[in-house]
Amino acid sequence: MAYAQPQVLSGFYSTSFNKVNSRINQSKQIQVCMETQRGRRSMMSNHSTIKVPHVLTVAGSDSGAGAGIQADLKACAARGVFCSTVITAVTAQNTVGVQGVDIVSDDFVAKQLKSVLSDMQVDVVKTGMLPSSGVVKILHQCLREFPVQALVVDPVMVSTSGDVLAGPSILTGFREELLPMADIVTPNLKEASALLGGLKVETVSDMHSAAKLLHDMGPRNVLVKGGDLPDSLDAVDIFFDGEDFYELRSSRLKTRNTHGTGCTLASCIAAELAKGSSMLEAVKAAKCFIETALDYSKDIVIGNGPQGPFDHLLRLKRNIHNSWKQDRFNPNDLLLYAVTDSRMNRKWGRSISDAVKAAIEGGATIVQLREKDIETWDFLEAAKSCLQICRYHGVPLLINDRIDIALACDADGVHLGQSDMPSRVARTILGPEKIIGVSCKTPEQAQQAWIDGADYIGCGGIYPTNTKENNRTVGLDGLKAVCLASNLPVVAIGGIGISNASPVMAIDAPNLKGVAVVSALFDRECVLTETRKLHSVLVEATTKTK
Ligand SMILES: Cc1ncc(COP(=O)(O)OP(=O)(O)O)c(N)n1
Ligand SMILES: Cc1nc(C(=O)O)sc1CCOP(=O)(O)O
Ligand SMILES: [Mg+2]
């Protein structure tokens, strides 16, 4: 049968989802969003109890923690779902391969299953490595005794390194006992072929046929994963729900860090089902998650073998970048705080990133992107390139107003005003690691900023400014009052430059850590020279006050 060729949509993440109606031979394109999560059911059962979505994984342990139980735990954590574990085997493995397997006895697998299923309100069971037909039988019996909302079967047989994890003896158990109970089965090409008695599954067309034949064995849905398809520029998976075929395509990422993608995909599907998604939504969300995590992790190096793990929680790289810092925020970084302005950069014909680079080379100790009149797309692109420059120099990068941009580029934090997103809300969105600065003109606002979990205060306008319209000037007295009332470090802003920075720094408040400046750096011909000059003034002023 010939199938319509879907086109790959371009974008940040490019997964496309193509419905191929098998009966009328027409195709329909659906864009998969990165974090699809629809059909969420209510988790509140009564006043004080919250039913937490719960996946039980029945799988093997991977000592290298890229796949198996460890991948399942991380995937569920990343998707916001509780995960309990029944361990069927313990493997000694790393990025090179599998060095040993110790199989847990059938009786002890049964014991673990009963412990969890009899007590813990499991929503979805996900299976991975099932090393014997005995384990398949036990699982089948337990699921009859303790029915769950859905069963996701990842028919693990061979590890990514090519090592056999479950022999042919379990094929009958899969075919006769597990697949008929499954809501979805997620084989790769080799597993689909093994389940189908050695049938050739080597092309997209073969994948369609295999999905259909596997569906005939009883699972309600089939996802044949084409990650190993030869000569394919795209990663293509085929989803079949018994009526329609869907081709999921995403551009193939060049990375060695793919160990555990199968386990993770199945766990994400299970997690989304546990949260109440439909099967189609769950598969789409899982595929998007994998794509995001692989892209994020493409350059990380763990182990010396050919297949490394990836970062399910999207945090490892950031921690490495931040390792130059002892603390997540050092108040001394506020000394020379450069705040960008797109109008000024346009006027002087330079890009935002060139302006930031010059300011840092001149001695700026922290940078804020304050881009009031550019498109979101341009803001994000500029933020990404500025972040590279800032990370290279060990200078924190904050984003003015736009929490979404800060999150999207993984900036070090945000600066918020009194009419922006409240800092206590921003803290819940950004988490404890990000830096949050808040603009304050009064002692009351300064106290509130501390209560709300901010890290520093921006106090101004110290002098009149043309950069911010209708800005109230609080003067040096206002600055002093804010500093006195504040438990947080303070940076002064508004009309400050080389000629008047010294009296600001001389107000005798130990928590005044520096000055924030826009026009005195960026509305000048040479940003580097002006920043250098201001830096000398500040160094001299702080030496005097010591
Ligand atoms: C360091 C610093 N302090 C104050 C401000 C002003 O923030 P806000 O009051 O939100 O005004 P806008 O900058 O958004 O116009 C700041 N940006 N940076
Ligand atoms: C962005 C901003 N916030 C202020 C405040 O008072 O909170 S004053 C200001 C503008 C600062 O620009 P310049 O250094 O060119 O005067
Ligand atoms: Mg603001």
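Remember, predicted model here, so these are calculated numbers, not experimental data. (Residues numbered from 1 in each chain as written. Chains lettered and ligands numbered in written order. Predicted model: local features only at pLDDT ≥ 70, side-chain atom pairs only at ≥ 80, totals over all residues. Heavy atoms only, no water.)

Caption draft 1: Representation of the environment of Gly-413 in the model. In this fold, Gly-413 is placed in strand β17 (residues 413-416). In sequence terms Gly-413 and Asn-400 are 13 residues apart; their C-alpha atoms lie 8.9 Å from each other. Among all residues touching Gly-413, those that are not within four sequence positions of it are Leu-397, Leu-398, Ile-399, Ala-406, Lys-434 and Ile-435. (Helix = DSSP H or I, 4+ residues; strand = E, 2+ residues; numbered from the N terminus. Contact = heavy atoms within 4.5 Å.)

Caption draft 2: Representation of the site of ligand 1 within the structure. Not every one of the 16 residues close to ligand 1 is listed here, only the nearest: Gln-368, Arg-370, Lys-372, Asp-420 and Ser-439. Here an oxygen atom of ligand 1 and a backbone polar atom of Gly-417 are 3.0 Å apart. Separating an oxygen atom of ligand 1 from a side-chain N or O atom of Lys-468 is a distance of 2.9 Å. A total of 420 Å² of accessible area belongs to ligand 1 in isolation, and the protein chains cover 90% of it. Looking at the shell around ligand 1, its residues break down into five nonpolar, six polar and five charged. (Near = heavy atom within 4 Å. Polar contact = N/O pair within 3.5 Å; in protein donor to acceptor, adjacent residues only side chain to side chain. Areas by Shrake-Rupley, 256 points an atom, 1.4 Å probe, with all protein chains shown as cover. Nonpolar A, V, L, I, M, F, W, Y, C, P; charged D, E, K, R; others polar.)

Caption draft 3: Geometry of the site of ligand 2. Taken together, 14 residues are adjacent to ligand 2, and Thr-465, Thr-467, Asn-471, Gly-495 and Ser-519 come closest. Here Thr-465 contributes a side-chain N or O atom positioned 2.6 Å from an oxygen atom of ligand 2. A distance of 2.5 Å separates an oxygen atom of ligand 2 from a polar atom in the side chain of Thr-467. Contact with the protein chains removes 94% of the 420 Å² of surface that ligand 2 exposes when unbound.

Caption draft 4: Summary view of the nonpolar core. In terms of nonpolar packing, the biggest core is built from 79 residues, with Tyr-337, Leu-369, Ile-399, Ile-457, Leu-479, Val-504 and Leu-512 touching the most fellow members. Residue contributions to this core peak at eight residues, all from helix α12 (residues 376-393). By size, the runner-up hydrophobic cluster in this structure holds 47 residues, among which are Leu-113, Leu-143, Ala-182 and Leu-195. (Core = buried A, V, L, I, M, F, W, Y, C linked by side-chain atoms within 4.5 Å. Buried < 20%, exposed > 50% of the residue type's maximum accessible area, 1.4 Å probe, protein only.)

Caption draft 5: Focus on the sheet that holds strand β21 (residues 512-517). Strands sit in the order β14-β15-β16-β17-β18-β19-β20-β21 around a closed barrel of eight strands; the barrel is parallel. On average, each strand axis in the sheet is tilted by 25° relative to the strand beside it, whichever way the strands run. Pairing geometry for strand β16 (residues 397-400) and β17, over three bridges, is parallel. Bridge assignment links Leu-398 to a residue of β17, and that residue is Gly-413. Along the sheet, α12 contacts β15 (366-369) and β16; its crossing angle with β16, the most-contacted strand, is approximately 160°. Against the sheet, helix α14 (residues 423-430) contacts β17 and β18 (435-440), and its axis sits at roughly 170° relative to β18. (Pairing = 2+ DSSP bridges. Axes fitted to C-alpha atoms, helices over the stretch in contact; angles between N-to-C directions.)

Caption draft 6: Looking closely at the packing of helix α11 (residues 352-362) against α12. In the contact formed by α11 and α12, the axes pass within 9 Å of each other and the chain directions differ by 20°. Looking at the two axes, α11 sits roughly parallel to α12. Both α11 and α12 take part in a crossing whose hand is right-handed. The segment α11 lies against α12, with Ile-352, Ser-353, Val-356, Lys-357, Ile-360 and Glu-361 engaging Ala-382, Ser-385, Cys-386, Ile-389, Cys-390 and His-393. Across the contact of α11 with α12, the residue classes break down as seven nonpolar, three polar and two charged. (Parallel < 35°, antiparallel > 145°, perpendicular 65-115°, else oblique. Left-handed = near helix turned anticlockwise from the far one by under 90°.)

Caption draft 7: Fine view of the side chain of Lys-287. Considering the arrangement of structural elements, one finds Lys-287 in helix α8 (residues 279-297). Lys-287 sits in the buried class, given a relative accessible area of 7%. At a separation of 3.1 Å, a polar atom in the side chain of Lys-287 contacts the side chain of Asp-237.

Caption draft 8: Local environment of the pairing of strand β13 (residues 245-251). With six of its seven residues buried, β13 lies for the most part within the structure. A loop of four residues connects strand β12 (residues 234-240) with β13, the two strands running antiparallel in sequence, and Gly-242 in this loop sits at a positive phi of about 100°.

Caption draft 9: Local environment of the coordination of the magnesium ion (ligand 3). For the magnesium ion (ligand 3), the protein coordination sphere consists of Asp-401 (OD) and Asp-420 (OD), at 2.0 to 2.1 Å. Of this pair, Asp-401 sits in the loop between β16 and α13 (403-409) while Asp-420 is found in the loop between β17 and α14, placing the two residues 19 residues apart along the sequence. Taking relative accessible area as the criterion, Asp-420 reaches 26% and is therefore assigned partly exposed. (Donors = N, O, S within 2.8 Å, 3.2 Å for Na, K, Ca; no water.)

Caption draft 10: Representation of unusual backbone geometry within the structure. The residue after Gly-460, namely Gly-461, is reached through a cis peptide bond having omega -10°. Mapped onto the fold, Gly-461 is located in the loop between β19 (456-459) and α16 (475-485). Here Gln-121, not a glycine, exhibits a phi torsion of approximately 45°, which is positive. Accessibility expressed as a relative area gives 54% for Gln-121, which makes it exposed. Positive phi, normally seen in glycine, also occurs at Asp-410, with a value near 60°. Secondary-structure assignment places Asp-410 in the loop between α13 and β17.

Caption draft 11: Looking closely at the packing of helix α3 (residues 133-145) against helix α4 (residues 171-178). Packing of α3 against α4 leaves a shortest axis separation of 9 Å and a crossing angle of 15°. What the angle tells us is that α3 and α4 run roughly parallel. Relative to α4, α3 is oriented so that their crossing is right-handed. Every residue of α4 that contacts α3 at Val-136, Lys-137, Leu-139 and His-140 is listed here: Gly-173, Phe-174, Glu-177 and Leu-178. Partitioned by chemical class, the residues of the contact of α3 with α4 number four nonpolar, two polar and two charged.

Caption draft 12: Examining the environment of Lys-347 more closely. Mapping Lys-347 onto the fold places it in helix α10 (residues 342-347). The exposure class of Lys-347 is exposed, given its relative accessible area of 56%. Taking the C-alpha atoms as reference points, Lys-347 and Arg-524, 177 residues apart in sequence, are found 9.8 Å from one another.

Caption draft 13: Region of interest: the packing of aromatic side chains. Scanning the entire structure with this criterion turns up four aromatic pairs. Relative to Phe-245, the ring of Phe-240 lies with its centre 4.2 Å away and its plane at 15°, an arrangement referred to as stacked. This pair shows no difference in class: Phe-240 is buried, exactly as Phe-245 is. Clustering of aromatic rings is evident, with ring pairs tying together Phe-329, Tyr-337 and Tyr-456. (Phe/Tyr/Trp six-rings, centres within 6.5 Å; stacked < 30°, edge-to-face > 60°.)

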